[in-house]
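Structure at a glance
Chain residues, written in single-letter form:
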Amino acid sequence: MTTIALINQNELELETLQPWVSSKTYEWIREDDKKRADFQKEMDDAPSTNFFDNDSDDDINNFPRVQEWRSSLNNPDGIGGYNSRSGRIDEETDDGSVKVVFILSESYAGFGDTLWSSSRHIANQLANPTTCRNLIAPVIAQNEEEKSNNQHPLLGRSFVELGAGAGVPSWTAMRCGARVVSTDIASPNRIRCMAESIEKNIQLMKLDGVPMHYAEKTKACPNTWGTTDGVEDVKLALNRNGEEKFQILVAADCCYMPWLHSELLDTIDKLLAVNGVALIPFCLHDNTKDEEVWGIVEMAKQVGFHVEHLEDVQLTPPKTGMDEKQGLVHTLRLTRVQS
């Protein structure tokens, strides 16, 4: 039996998740849990009528509630979390892989109910010490000794993810020893699923004998881009004095809405440390003109960031029927322009 088979598939009691959220967020989720329970009771008491074809969405029905994703040296997708074009996802043995579990929220707000290709790509890059070292090179460049040591480059680093959704980059960073705050839109069920993912990944790490490092300090936090309160709550989740900022920031598939570029960049500016690096991997989804999505590059430069376009990588789109371009990952690396 694999360790993933030992992880409980059922929704956890809210009390179990209290260590992973603030007291304010805990009460907010508790109120939502009650609303969901009341709604479910109404549905259970109503006459039984099936308005939907339960077999109509194979992409949903093919996956369990708690899913597994593993990094891979050979497969840019990693292993798990998407529908392969062949109808199955090949297994592989890789002793150096990083293994995490994740839960997709029933809330589709912000399209965080899907594990997008860009999240799998950046998680795969972060999991491998060599590619991670290249990815966060601007951070490591400040420490000559660190360039040659054998520890994972994320160990002890402060790490925040914006628009996390499934949170796979966050849980990967957590397992690699980072100090993680994972954030997303203010949807109670979304944040609940993220907190539950923290709990289940900690269970998995213990089963696998993985060093805990800072894992038990990980937090899930709602964050509305462009708001002062949201930024302060995220900083407090990292450090009680609220003064520390993040060395590494990931915002995977967060720039598909050009009308929110200003708010996204404002949040990055307020959360990123002076010598930090922000990674923005994304695909083009044809929800708007491609050039409007790429407009974030010039906007980022205008607000004081140096922008690098890293190598594009073709992954498999998360769902069958999606265009290949929805799996072609473009990655922007933002650092502050030093005066």
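Preceding block: the structure.
The sections below set out a description of the structure shown in this document.

Procedures and definitions
- Here the residue index of a chain counts from 1 through its sequence in written order.
- Side-chain atom pairs in this predicted model are given and counted only at pLDDT of 80 or more, local residue features only at pLDDT of at least 70, and totals for whole chains, interfaces and linings cover all residues.
- Hydrogens and water molecules were not included; the side-chain quantities draw on all heavy atoms of the structure.
- We treat two strands as partners when DSSP finds at least two bridges between them.
- Secondary structure elements follow DSSP: runs of H or I no shorter than four residues count as helices, runs of E no shorter than two count as strands, and numbering proceeds from the N terminus.
- The convention used is that axes are lines fitted to C-alpha atoms, helices contributing only their stretch in contact, and that angles between N-to-C directions extend from 0 to 180 degrees.
- Basic side-chain nitrogens of Lys or Arg form a salt bridge, by our definition, when they fall within 4 Å of a carboxyl oxygen of Asp or Glu.
- When accessible area is computed with a 1.4 Å probe and restricted to protein chains, residues below 20% of their type maximum are described as buried, those above 50% as exposed, and intermediate ones as partly exposed.
- Polar contact is the term for a pair of N or O atoms within 3.5 Å; when the atoms are in protein, one must be able to donate a hydrogen and the other to accept it, and sequence-neighboring residues count only if both atoms are side-chain atoms.
- Definition used in this section: a nonpolar core is a set of buried Ala, Val, Leu, Ile, Met, Phe, Trp, Tyr and Cys residues joined via side-chain atoms within 4.5 Å.
- Residues count as neighbours in contact if any of their non-hydrogen atoms are within 4.5 Å of one another.
- Directions drawn from the helix axis to the C-beta atoms are what define this arc.

**Some remarks on the sheet that holds strand 8 (residues 305-314)**
Judged by pairing direction, the sheet is mixed, and its 7 strands sit side by side in the order 5-4-3-6-7-9-8 without closing on themselves. The sheet terminates laterally at strand 5 (219-222) and strand 8, the two strands that pair on one side only. Each strand of the sheet is rotated relative to its neighbour by a mean of 20°, with strand direction disregarded. Sheet analysis places strand 3 (residues 158-162) next to strand 4 (residues 179-184), joined by 4 bridges and oriented parallel. Following the sheet pairing, Ser158 is matched in strand 4 by Arg179.

**Examining the pattern of salt bridges**
A side chain with one charge can pair with a side chain of the opposite charge if their charged atoms come near. Overall, the coordinates contain 27 salt bridges when judged by the stated rule. Where Arg192 meets Glu11, a salt bridge forms, and the shortest distance between an N and an O atom there is 3.9 Å. Of this pair, Arg192 sits in helix 7 (residues 188-208) while Glu11 sits in the segment before helix 1 (23-45), and the two are 181 residues apart along the sequence. Given the relative accessible area of 3%, Arg192 is considered buried. Judged by its relative accessible area of 39%, Glu11 is partly exposed.

**Side note on the environment of Ser72**
By the element assignment, Ser72 lies in the loop between strand 1 (66-70) and strand 2 (99-103). Between the C-alpha atom of Ser72 and that of Lys99, which follows or precedes it by 27 residues, the distance is 9.7 Å. Polar side-chain contacts of Ser72 include one of 2.8 Å to the backbone nitrogen of Asn75.

**Structural notes on the nonpolar core**
In summary, soluble globular proteins display a tendency toward joint burial of nonpolar side chains. Ranked by size, the top nonpolar core spans 48 residues in total, and within it Ile136, Leu154, Phe159 and Val168 carry the most contacts. At 6 residues, helix 7 tops the list of elements feeding residues into this core. Among all residues touching Leu154, those that are not within four sequence positions of it are Leu126, Cys132, Ile136, Ala173, Cys176, Gly177, Ala178 and Ile248. Listed in part, the 31 residues of the second largest apolar core include Val160, Leu272, Val293 and Val307.

**A word on helix 8 (residues 228-238)**
Buried within helix 8 are the following residues: Gly230, Val231, Val234, Lys235, Ala237 and Leu238. An end-on view of helix 8 places all buried positions within 155° of arc, on one side of the element. Facing away from the buried side of helix 8, by more than 90 degrees, are the exposed residues Thr228 and Asp229. For helix 8, the N-terminal capping position is held by Thr227, with its side-chain oxygen 3.3 Å away from the main-chain nitrogen of Gly230.

Without other data, these values stay purely geometric and don't point to any function.
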